[in-house]
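Analysis of the macromolecular model
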Amino acid sequence: FAPEAHAIVVLSFCGGFDFDFACSDLMMVPLEESSFTEKLKAAVRRASSLLEESIRPVRLEEESHAYEDKFEVAEAVTCVALETVDFLLGRGFGTGSLVTFTAVETCDFSEERERETKGPKVTEKITESKQRSFLPGTSTKSSSETTYQVTTKVTEYAWKHELSYTAKDDDDGGEPLFERKASREVFSKVKDHAPFPKRKEHPAVRFAVKRDLPRKIDRGAASCKTPRRNAEVERVLAYFSDLAAFVDALRNILAKGHTLAAVEGSVEVVFSPAACCFLTKMNTESESESSAAVRLFEEASLAEMRRTFDEQAGVVRRSSSEDTSHLLGPDEAELLFCLALLEKTVHDYRDSVSYLESLLRHQLDAAIGKELTADAFDDYALYHDRLLFRADFRPAPFSYAVRRDATSFPDGTVAIVSKGTKKKKDPIRTFARDATAATALGAPFKFAIGAATVVTFDGPRYAHAYVARTFGGRTPEPLELVAKARPFSGYVLLLGKVAAKDEFVAERAVVVQSSDEVVVPLLLDPLPTPKEFADAIESLSPEQRDFCEAFRRMQLASSLFGVVLVQLKPAIEKVLNLPRGALVKEIALTDHLMELFIDYQIPTDILAYDGPADADATAKIQKVKAHVGAVRDIIDAARDDDLRKTKQASLHRKLKADVPVMEERPSLASSDGDDDDDGLLVMENYSHPRAP
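Along each chain, numbering runs from 1 in the same order as the chain's sequence is written. It should be noted that, the model being predicted, local features are given only for residues of pLDDT at least 70 and side-chain atom pairs only at 80 or more, the latter also being counted only at that level, while totals for whole chains, interfaces and linings use all residues. Heavy atoms from the whole structure form the basis of all side-chain values; hydrogens and water molecules are not counted.

**Here's the deal with the nonpolar core**
The line we're drawing: Among buried residues, those of type Ala, Val, Leu, Ile, Met, Phe, Trp, Tyr and Cys that are joined through side-chain atoms within 4.5 Å constitute a nonpolar core. Residue burial is assigned from relative accessible area. The probe radius is 1.4 Å, only protein chains are included, and a residue is buried under 20% of its type maximum, exposed over 50%, and partly exposed in between. Per the convention used, a helix needs a DSSP run of H or I reaching at least four residues, while a strand needs a run of E reaching at least two, with both numbered from the N terminus. It only takes one pair of heavy atoms within 4.5 Å for two residues to be counted as in contact.
F93, F101, F240, L243 and Y349 are the most contacted members of the largest nonpolar core, which totals 79 residues. If one sorts the elements of this core by residue count, helix α6 (residues 330–368) sits on top with 15 residues. Those residues within four positions of F101 in sequence are excluded, and the remaining contacts are F93, Y165, T166, A167, F178, P203, A204, V205, L250, I253 and L254.

**Brief notes about the environment of K70**
Among the secondary structure elements, K70 is positioned in helix α2 (residues 67–93). Through-space distance from the C-alpha of K70 to that of L279 is 8.4 Å; in sequence the pair is 209 residues apart. Setting aside residues up to four positions removed in sequence, K70 forms contacts with L60, H65, P227, L356, L359, L360 and Q363.

**Some words on α6**
Note the following rule: One less than the residue count of a helix, multiplied by 1.5 Å, gives the span that helix is expected to have.
End to end, α6 covers 57 Å across 39 residues, agreeing with the expected 57 Å (1.5 Å per residue, within 8%). In terms of burial, α6 is a largely internal element, 29 of the 39 residues being buried.

**As for the side chain of T78**
Structurally, T78 can be placed in helix α2. Beyond its immediate sequence surroundings of up to four residues, T78 is in contact with P214, V236 and Y349.

**A few points about the packing of aromatic side chains**
Definition in use: Only Phe, Tyr and Trp rings take part, Trp by its six-membered ring, and two of them pair if their centres are within 6.5 Å. Stacked means planes under 30 degrees apart, edge-to-face means over 60, and tilted covers everything else.
For the coordinates displayed, the defined rule picks out 22 aromatic pairs. With 6.4 Å between their ring centres and 45° between their planes, F109 and Y157 make a pair best called tilted. Residue F109 is found in strand β3 (residues 98–131), and its partner Y157 is found in strand β4 (residues 139–169); the two are separated by 48 residues along the sequence. By relative accessible area, which is 14% here, Y157 ends up buried.

**A look at the confidence of the model for the chain**
Going by this rule: What pLDDT conveys is the predictor's confidence in a given residue, as a value from 0 to 100.
Averaged over the chain, the pLDDT score is 82; the fraction of residues at 70 or greater is 84%. Low confidence marks residues 14–28, where pLDDT is under 50. Its contacts with residues over four positions away, or in another chain, come to 49 contacts.

**Considerations on the environment of T280**
Position of T280 relative to the elements: it lies in strand β7 (residues 279–282). Using a relative accessible area of 5% as the deciding quantity, one classes T280 as buried. For the pair T280 and S291, spaced eleven residues apart in sequence, the C-alpha separation works out to 8.9 Å.

**Describing the pattern of salt bridges**
Cut-off, in case you're wondering: The rule for a salt bridge is simple: a side-chain nitrogen of Lys or Arg has to be within 4 Å of a carboxyl oxygen of Asp or Glu.
This structure, assessed with the given rule, holds 35 salt bridges. Linking E75 and R219 is a salt bridge whose minimum nitrogen-to-oxygen distance equals 3.3 Å. Of this pair, E75 sits in helix α2 while R219 sits in the loop between β6 (199–208) and α3 (231–254); the two residues are 144 residues apart in sequence, bridging distant segments of the chain. The class of E75 is buried, set by a relative accessible area of 10%. Take R219: its relative accessible area is 33%, and that puts it in the partly exposed class. We note a salt bridge from K625 to E586, for which the minimum N-O separation is 3.2 Å. Taken together, the positions of K625 in helix α13 (residues 617–658) and E586 in the loop between α10 (568–575) and α11 (587–598) put the pair 39 residues apart, joining distant regions of the chain. Salt bridges linked by common partners bring R91, D310, R317, D331 and E334 together as one network.

If you want it as structure tokens, here you go:
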């Protein structure tokens, strides 16, 4: 292969920057801003009546404030939310640290009963005629009505449906926190099948109560991005996520999908401190007085929550004692009330911290003048690179012309584009440098095209590094390699990995020629960072750790993506002993050569120039044309012979199908019994085939 006919492109996909504005962390769900804003307004009005006149609650979007004020609000909301959860868990489960809830549900037959059910009333009307004399027309009529009550006797089967449940503290040696039973009477129309399972043991539900979670945010930590995105709030949200799962499991056991109207109404009445996502300010500007205002707000809001809880808990207990349609007594109703308030507190806290993040996002959009997207960050990164790097080191678009030298017209282009949100697919920008001399001191590369064939090639080599910037923790945008060829031009595109300093492992190859366009999707599969890998194998066994380390070494050894471009005309000139550039204007000859090489697998030795080495280029080309013509004549003759044989075989099959079967019969002349006379061939139902 000609040295100037090839180029190897080494592309390294590097881990990049992650712009941390999108909220994709734990429990980060879309915030319904309109509904939460109304809830926040109601909380401000209610807090105004609780606080002293010198303290006023302030919504963040209604008054100018500092960035640190958002942290103060996040800390205050976190504090009152944790205090609310501790209070509700204490009312529902006592002082347990590792609560284990177990429940057994039974349904036993009690007795058979017969009762009467009243149906509709039926009225019967009776009319009578009486004759007063013997004369006609002297009769009289009288009518009466009788009403009957329809009753039906129904046989019912009574069952005792009972729920026994226990909560115990596993941290205290399994000491029971409470043991309760609730029962009711249910009926069925058949005796063979119970309306509920005769015995059902619900899986144990466990929850670890944490009372040492941080109330303050470490604003100087590297993990602290915003008042919402920091390690302390993430720990609280993770704790609340486990609490929500615990609450949901218990509600399914106790209520079985049913809801009590009294519980739902009372939950809305109880004051929720976790929804108070606002500032509390003194009328003065003193910082110490501002801290005092926060403490007063926390005390007042928690006191109001406890007061309203005690009031509504009594309402729930009274209403549950009057309603016997559910398997819920006063104790179960109060426990469900606590669970519903726990769920409300979790949702309010999640919405509050999400509201702070949303407020930051809106303020940022207002400062910039448009909504920030991943494409906007790409534009900023491009601007930043122009300021940071000199022109020689600045990332350049990965879009290159395939040409044999700087003065030649391109045979095509190769580009890697990003399938982003933009309508136009722009090439990615990479750091690039000429690595010809740095890679194995310029030694040739090699790749295998079979078990017994290894191709050695040389040429300029370029190393590219691509920084995949992601937005909000999302995966990098998918990439596509786009290869195009101009008319009457072509090249070979090889895709694979660089396995060693002088070895290229080709996995895909395609000939791109004559206005072809090849689009190859590139799937990015980022490897774990060294820290992520170390954290993942920390608790593995020594054997598993050794295997993971060996497997990672294998991954890193073959993680370098490579693209090899082999130009066709220079390579054909080399193997046919033609001078450089001899096939540039020989379009027909190049097409014939490509046809012979690809379609008919003709060896290059048959077509190569084998005359004097000092002959001029025209003579060498004419000699190669003669070889090509001779081979094409042989191919044309073989094709014509195959066509003639195919036509003859087709005609033979047609004649064989049209000619009828002939049988031999004795002629009339042999009636004298002379055996020496030959019989005549008589053809039955003979019809001459029509001419085609």
